[in-house]
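# Summary of structural features
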Amino acid sequence: MHVWKFGGTSVGKPERMHSIRTLITSDDTRKIVVLSALSGTTNALLAIGESLKANNDAEADTKIDTLKAHYDDFIGELYKTTEGKTAGQQVVDNEFSFIRSLIGIKPFTLKQEKELVAEGELLSTQIFQAYLVEEGIHSALLPALEFMRIDADNEPEIHFTEQKLAELLSQHEDKQIIVTQGFICRNPRGEVDNLKRGGSDYTASLIGGAIRAEEIQIWTDIDGMHNNDPRIVKNTFPVRELTFDEAAELAYFGAKILHPSTITPARMFGVPVRLKNTMDPSAAGTLIADRTSSEVFKAIAAKDGITALYIHSTRMLNAYGFLRRIFEIFEKYKTPVDMLATSEVSVSVTIDNTDRLQEITDELNTFCTLEEPDHDQTIICIVGNFSADNEGVALRVFNAMHTIPIRMISYGGTESNLSLLVHGRYKVEALNALNDGLFLV
């Protein structure tokens, strides 16, 4: 069984849904199809929520009318038959009746906002399932709210998903296509909630892991993960194979095609992930699995909005427990560290969340000396096969970066990642220089 996920741009127009129908029925593989909300819908629902929070009911009503008109037009183009149009319109009318009912709830709380935002996925999946019925596809709709749940720490309960999915799927063993929602779930109180990190990609990976799928396919509007950011760098190309670790590094450090959380369930259960392009289904895309190709340099990603902290203390010299004391402070304020560099009397770290920076620096100042933090930094992550047997890896990187100031270096923590910290103003220059020096020579 496969799990195929389609994002907002892939389902955002009626003709795109027609294409997805062709894709998912092009072979006899049984599939769970995970859909995001139609492109633009989530933002529109959030805007409605902002009006409701501000008690501006008239504005919210107008925004609801505008969004419903878009769906009314969508229905008119998607279906061919009177029966299909009627079924699709019933879905739209029902869901927008619920959306409009939220206008009367005062105050409009986070609970209602999550129920509102979930409507995007509820609409797209029901509309698509009605279209499959019109087309005579043997399919079923499984509500994600029945099998996707998070715990008190907002972490998915994978064993609950395993159990519930097994029960639900056993009721539809004769169905080739199973449709479900990405992103949405329930929390421990049974309320509608969402997965936040990774959204629908995360849902697909969790489902794929739970059912031990043969493969998870993430369909987007680009042909796989590229070796560099194609929005900034010319002459990029899709990377054909990555390991789970390589893909996770790239996703964490800025590759927009995939959220880092997506990799975790797939890696846990050894389910390959394939990135595909709905605009060019014949393109090979990127396969993420245990195996890898032999290239030394695979890809580059960049993570913006980084702050660097420089911590000094002579008490660190030949002392033990000093690093533990530092990192206990970051743990206390729930602030992850991205990069780390140490010397005999100094520690340099980078963080991407400065919400608790003042409290962190206040506590560090009680036993350390701090330099002024460097804000607006960028981490450049270079991923590849950097085993000890591969000579000249660092030399090639530094030769490519010879005109660009480097603030920090992280190398050797894994055999797949070399990271550099530069000021954000050098990001574009660094990505292009590394692309020329590592891939075009």
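Conventions used here
- Residues numbered from 1 in each chain as written.
- Predicted model: local features only at pLDDT ≥ 70, side-chain atom pairs only at ≥ 80, totals over all residues.
- Heavy atoms only, no water.
- UniProt positions renumbered as here; feature names shortened; annotations may be inferred.
- Helix = DSSP H or I, 4+ residues; strand = E, 2+ residues; numbered from the N terminus.
- Polar contact = N/O pair within 3.5 Å; in protein donor to acceptor, adjacent residues only side chain to side chain.
- Contact = heavy atoms within 4.5 Å.
- Phe/Tyr/Trp six-rings, centres within 6.5 Å; stacked < 30°, edge-to-face > 60°.
- Buried < 20%, exposed > 50% of the residue type's maximum accessible area, 1.4 Å probe, protein only.
- Axes fitted to C-alpha atoms, helices over the stretch in contact; angles between N-to-C directions.
- Parallel < 35°, antiparallel > 145°, perpendicular 65-115°, else oblique.
- Nonpolar A, V, L, I, M, F, W, Y, C, P; charged D, E, K, R; others polar.
- Salt bridge = Lys/Arg side-chain N within 4 Å of Asp/Glu carboxyl O.

Looking at an unreviewed UniProt entry, one finds the protein chain named Aspartokinase and attributed to Spirosoma flavum. Recorded under Catalytic activity (unreviewed entry), the UniProt text for the protein chain is reproduced unchanged: "L-aspartate + ATP = 4-phospho-L-aspartate + ADP". The UniProt entry for the protein chain carries the following comment under Sequence similarities (unreviewed entry): "Belongs to the aspartokinase family."

## Section: the side chain of Lys114
With respect to the helices, strands and loops of the structure, Lys114 is situated in helix α5 (residues 110-134). Among the polar contacts made by the side chain of Lys114, one reaches the side chain of Asp193 at a distance of 3.1 Å. Setting aside residues no more than four positions away along its own chain, Lys114 makes contact with Val192, Asp193, Asn194 and Lys196.

## Details of the packing of aromatic side chains
Following the criterion strictly, the structure yields twelve aromatic pairs and no others. Arranged with centres 5.8 Å apart and planes meeting at 85 degrees, the rings of Phe237 and Phe439 form a pair that is edge-to-face. Taken as a pair, Phe237 in the loop between β7 (215-220) and β8 (241-243) and Phe439 in helix α13 (residues 427-439) lie far apart in primary sequence, 202 residues in all. Residue classification places Phe237 among the partly exposed positions, given a relative accessible area of 34%. Judged by its relative accessible area of 17%, Phe439 is buried. Summarising the aromatic geometry, the rings of Phe327 and Phe330 are spaced 6.1 Å apart at their centres and angled 40 degrees between planes, so their arrangement reads as tilted. One end of the pair, Phe327, and the other, Phe330, are both in helix α10 (residues 322-332), three residues apart, so they sit about a helical turn from each other. Residue classification places Phe327 among the partly exposed residues on the basis of a relative accessible area of 26%.

## Let's talk about the packing of helix α4 (residues 82-101) against α5
Taken N-terminus to C-terminus, the directions of α4 and α5 make an angle of 170 degrees; their axes are 9 Å apart at the nearest point. Overall, the two elements α4 and α5 adopt an arrangement that is roughly antiparallel. For the pair α4 and α5, contact is made by Gly84, Ala87, Val91, Val92, Glu95, Phe96, Phe98 and Ile99 and by Glu115, Leu116, Glu119, Leu122, Leu123, Gln126, Ile127, Ala130 and Glu134, respectively. Across the contact of α4 with α5, the residue classes tally to eleven nonpolar, two polar and four charged.

## Details of the pattern of salt bridges
What the rule picks out here adds up to 30 salt bridges. For Arg274, the salt bridge identified is with Glu215, shortest N-O distance 3.0 Å. Taken together, the residues span a long stretch of sequence, with Arg274 in strand β9 (residues 273-277) and Glu215 in strand β7 at a distance of 59 residues. What makes Arg274 partly exposed here is its relative accessible area of 23%.

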